[in-house]
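Single-letter residue listing:
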Amino acid sequence: MGSAKRRLEEPSEIETKISFVDGVENRLVYRGIDICSLADHSNYEEVAYLLLYGSLPTRTQLDEFKRKMVVNRRIPAGVVTLIGAVPHSAPPMDVLRTAISAMAMFDQKAKDITREPLMEMAVELITQAPTIVTTHNHIRNSRLPIEPDPKLGHAANFLFMLKGTRPDDEDARALDICWVLHADHGLNASTFAARVTASAQSDIYAALTTAVGTLKGTIHGGANQKVMEMLLDIKDEEKVTEYVKNSLKNARKIPGFGHRVYMGEDPRVTYLRDLSETLCEKTKNLHWFDLSRKLEETVFKVKGLYANMDFYSATLYYALGIPVDMFTTMFACSRMAGWTAQIIEQYELNRLIRPLGDYVGVLNLEYVPIEKR
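Nothing here was measured: the structure is a model prediction, and the numbers come from that model. (Residues numbered from 1 in each chain as written. Predicted model: local features only at pLDDT ≥ 70, side-chain atom pairs only at ≥ 80, totals over all residues. Heavy atoms only, no water.)

What to know about the pairing of strand β2 (residues 27–30)
Stated formally: Pairing between strands is defined by DSSP: at least two bridges between them are needed. Here a helix means four or more residues in a row that DSSP labels H or I, a strand means two or more in a row labelled E, and each is numbered from the N terminus.
Direction of pairing for strand β1 (residues 19–22) relative to β2: antiparallel, over a ladder of four bridges. If you follow F20 over to β2, its bridge partner there is V29. Relative to strand β3 (residues 33–34), β2 runs antiparallel, the two being bridged by two bridges. Counted as the bridge partner of V29 is D34 from β3.

The following block contains the structure:
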């Protein structure tokens, strides 16, 4: 019978002005600005504005953007009730995905896909994602959620709503840099999934629900949680070599290593490695940094693989006191800026994404009546 593999004309690539991943030069660029400059000099609010509007804000524009974030941090009471109704054992990413989907029913402009309402919804969703995550964490631990502090920045507010105490500047800045580095990354799996949903003219809430569901995967955003679970399992530096050899022998993937795009080290890893070491030393968690460093060196020596973004974000989040099963929601909270910008760009392109596949099955089989099978 043979196969019928046919290479059809490839569909056109998706055009984007939002971010560029240069795998050859190991660079990441947001709207033309190198991620290294943004990590050194910027903050998450400014980067979110850059991704959404296409340029860095003036002082007046940034102040107004921050004001909008302050007034939109609370989530609808009905969503809080919904979060309270789910089992306390529900994974945080499942709760975030469900809450975002439900929020569409509390927003009268949810179905509007014109630019101005989309920008309003983008700011609201970027701002409210951390509130959803911290609200769930308190409710599942039989505590009342903590109200946001209007005087704190976005990253600092998350830590405040999580713990109930104002974070020091070093902790807040570490999380802020981590969120700057995570804010967008080309057409990765979750961003592409979100753009596919938006290309079908579904609403922004549906597109973000798609994105969160995709990010949850253990070989995408869920890898940072798997990294920390791996380190907690290994426990001792003396066990690293044996762990790596056994993993490779059994064809078991080692979380936090390898990247589909970068030929060398992911430019974001350099920042996260330094941040992780600083925070781990400060919080008396240096053992976990040392263990991760040993693992990184061993994997590179044995397999030639570089650590990726997930690897050092794990120990950084752990040092900040964030529960391990919430690590991937940190990724999602940061990526809300990139996702919403990419979704809005897709609406403006007004083109259905319809990839072509190569059919490799058989053809011309005859139908066999059920009596003769």
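After that view, the rundown keeps rolling.
A closer look at unusual backbone geometry
Here is the rule: When accessible area is computed with a 1.4 Å probe and restricted to protein chains, residues below 20% of their type maximum are described as buried, those above 50% as exposed, and intermediate ones as partly exposed.
Despite not being glycine, N26 has its phi angle at roughly 55°, a positive value. Counting through the fold element by element, N26 comes out in the loop between β1 and β2. The backbone phi angle of K235 is positive, close to 70°, even though this residue is not glycine. Residue placement: K235 occurs in the loop between α11 (223–234) and α12 (240–249). Overall, the relative accessible area of 49% leaves K235 in the partly exposed class.

Overview of the sheet that holds β1
Paired through their backbone hydrogen bonds, the strands of a sheet run either parallel or antiparallel. Taken in spatial order, the three strands of this open sheet run β1-β2-β3, and their pairing is antiparallel. Single-partner strands in this sheet number two, and they are β1 and β3.

Notes on helix α13 (residues 267–282)
This is how the line gets drawn: Multiply 1.5 Å by the residue count of a helix minus one, and that product is the helix's expected span.
An ideal rise of 1.5 Å per residue puts 22 Å on 16 residues; α13 measures up with 24 Å between its terminal C-alpha atoms. Regarding α13, the residues found buried are P267, R268, V269, Y271, L272, R273, L275, S276, L279 and C280. K284 occupies a position one or two residues after α13 and carries a positive phi of about 60°.

Regarding helix α3 (residues 59–71)
In plain terms, the rule: To be clear, the arc concerns the directions from the helix axis to the C-beta atoms. The contact rule is simple, with two residues in contact once any of their heavy atoms fall within 4.5 Å.
Look at α3: 19 Å from first C-alpha to last across 13 residues, which is about the 18 Å you get at 1.5 Å a residue. Among the residues of α3, L62, F65 and M69 are the ones counted as buried. Projected onto a plane normal to the axis of α3, the buried residues spread over an arc of 60° and lie on a single side. Facing away from the buried side of α3 by more than 90 degrees, the exposed set consists of R59, T60 and V71. Buried residues along α3 sit against α2 (44–53), α6 (115–140) and α7 (154–163).

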